[in-house]
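Architecture at a glance
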Amino acid sequence: MTISTDTGRRATHAVWWSALEIVARYGVQFGVMMVLARLLTPADFGLMAMLLVFTTFAALLVEGGLGTALVQKQHSTDNDETSVFLVNLTAGVVLALVLWALAPGIARFYAQPTLAPLLQALAWLLPLGALAAVPNALLTQQLDFRRRAGAELLASVGSGGLALWLAWQGHGVWSLVWQALAGATLRAALLWWLSGWRPRGRYDRAAFAGLFRFGGYLLLANALSVSALRLQSLLLGRLFDARTVGVYAMAQDTQQAPAQLASALLNRVGLPMFASVADQPVKLAGALRLSLRLSMFVFVPCMAGLAVVAVPLVHLLYGPQWSEAAPLLSLLALAALFWPMHVLNLAALGAVGRSDLILKLEVAKAAVTVPLVAVASPFGAQPVAWAALAASLACTWINTRHAHRLLDCGLRVQLRDLWPILLLALAASASAWLALSVAGHSPWALSLAIAAAVVTYAVGAVTLRLQAWQDLLEFLRTLRSGMTPAGGGMRA
């Protein structure tokens, strides 16, 4: 089924601008990271990764899930928006001061004295992020991704250019710190300017309580998710040196570049689509299955291919000083293979307002992930990557539990739709591996391996008439015609 109303056209327009924003922003960031990897040392990236453990967690506490609650509410009032703004800004300033005070102790924890001034500078990311939270949420709520795209892209280009110049001048890890601060400052200023939003209401305790009832569960869920992810850098930083953390962080960032891109796009598009049929379980299940086929059809071969070509890719992108990151990247890419399933199953729960169930899932996943990473960490970076792979497979089952109960669309149903994609991706990966085995690990061999995989996958999809391939063609036709897909008319 499709929707051809003005709302459908606005949503279609939003899909294109959202995709443009996300691809451009992550493309710029990844390009900057490639150059910085050749100008800085693995230890510089390791120091930054150690600090991100704390700043990322604190940023989640500042946002508190309230921005997502504003988006989910759709029709927020001036008091809603002002309440969120005041709470976020207050939390940002308070937590920045807390991080400033804790910085010397955190530096002692890592036995890295240079971390204290770095963390004290990065602490001011928190109020800067708080300033941007409401304008960002409102542009998302209004599906105004054209303005968002402008703000995000300009902030990425400006902060990336500054980081490259500072690295070229020999400022080391401070290049990464100033990149983060400049990016947050530009983003906040541009979002305020482009959104036109200003605080017009007053703090309303009842309005805040209503938003926090939804956002509070998301806050705890996101805090658990980020803690489990950042625990890897925390333990490696405590037990090993900055170089080890830097190599692991580079592998993790490389794997996360496509994963974060996919996550941002799926959340941006999936949540509104799911919300439109949230009161119709059959259609919501259909929308979930359709979204999974579309996303996994594109994502799975990318991550499987990344695992196969990790060695020549790391050498080409970052240089030989990062060669230790290649085996880690292979494992982490396999760990991310089912990432769209993680994102979309949670988005479906969010669409029906069940953030409490999202929290329960994150508690269960943390109970699996944290012990695995903790046990593996004393043995080095590669065992930690193996632990991440094992945890990811277990969490794939955990994430589908409530979809099975609420929508009759659990892991078995989802895998029944996806197994042709997985087998075809395996065949494409095998062709890439054979190409590398014959041609070696040169840039030419890398190109040959990628071409072999793409041809194998494309020919297989067309020849076997994969349902996901048909879905993708229909989705693209729908977007071109100015309509948006809904889950009700998809093939099961």
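This text follows the structure it describes.
Summarised in this report is the structure supplied together with it. Everything numeric here is computed off the predicted structure, so don't read it as measured data.

Our next topic: the side chain of threonine 396. Checked against the element boundaries, threonine 396 lands in helix H16 (residues 381-399). Of note is the side chain of threonine 396, whose polar atom sits 2.9 Å from the backbone oxygen of serine 392. In contact with threonine 396, other than residues within four places in its own chain, are Phe338, Met341, His342 and Leu411.

For the rest of this paragraph, the subject is the side chain of serine 392. Within the secondary structure, serine 392 is located in helix H16. Look at serine 392 and you get buried, because its relative accessible area is 11%. With residues up to four places along the chain from it excluded, the contact list for serine 392 reads Ala335 and His342.

Let's shift gears to unusual backbone geometry. In this structure, alanine 111 takes a positive phi of about 60 degrees despite not being glycine. Within the secondary structure layout, alanine 111 lies in the loop between helix H4 (78-110) and helix H5 (115-122). Among the residues examined, alanine 111 registers a relative accessible area of 61% and is labelled exposed. Backbone geometry at arginine 465 places phi at a positive 50 degrees, although glycine is not the residue there. Secondary-structure assignment places arginine 465 in the loop between helix H19 (443-463) and helix H20 (467-480). Arginine 465 sits in the exposed class, given a relative accessible area of 61%.

This part is about the pattern of salt bridges. One pass over the full model with this rule turns up six salt bridges. Aspartate 471 is the partner of arginine 293 in a salt bridge, and the nearest nitrogen-oxygen pair spans 2.5 Å. In this pair, arginine 293 is assigned in helix H11 (residues 281-308) and aspartate 471 in helix H20, connecting sequence segments 178 residues apart. A relative accessible area of 2% means that arginine 293 is categorised as buried. Salt-bridge contacts for glutamate 362 lead to lysine 365; the nearest nitrogen and oxygen are separated by 3.0 Å. Note that glutamate 362 and lysine 365 are positioned in helix H15 (residues 355-376) at a spacing of three residues, about one turn of the helix.

Conventions and cut-offs
- Residues numbered from 1 in each chain as written.
- Predicted model: local features only at pLDDT ≥ 70, side-chain atom pairs only at ≥ 80, totals over all residues.
- Heavy atoms only, no water.
- Helix = DSSP H or I, 4+ residues; strand = E, 2+ residues; numbered from the N terminus.
- Polar contact = N/O pair within 3.5 Å; in protein donor to acceptor, adjacent residues only side chain to side chain.
- Contact = heavy atoms within 4.5 Å.
- Buried < 20%, exposed > 50% of the residue type's maximum accessible area, 1.4 Å probe, protein only.
- Salt bridge = Lys/Arg side-chain N within 4 Å of Asp/Glu carboxyl O.

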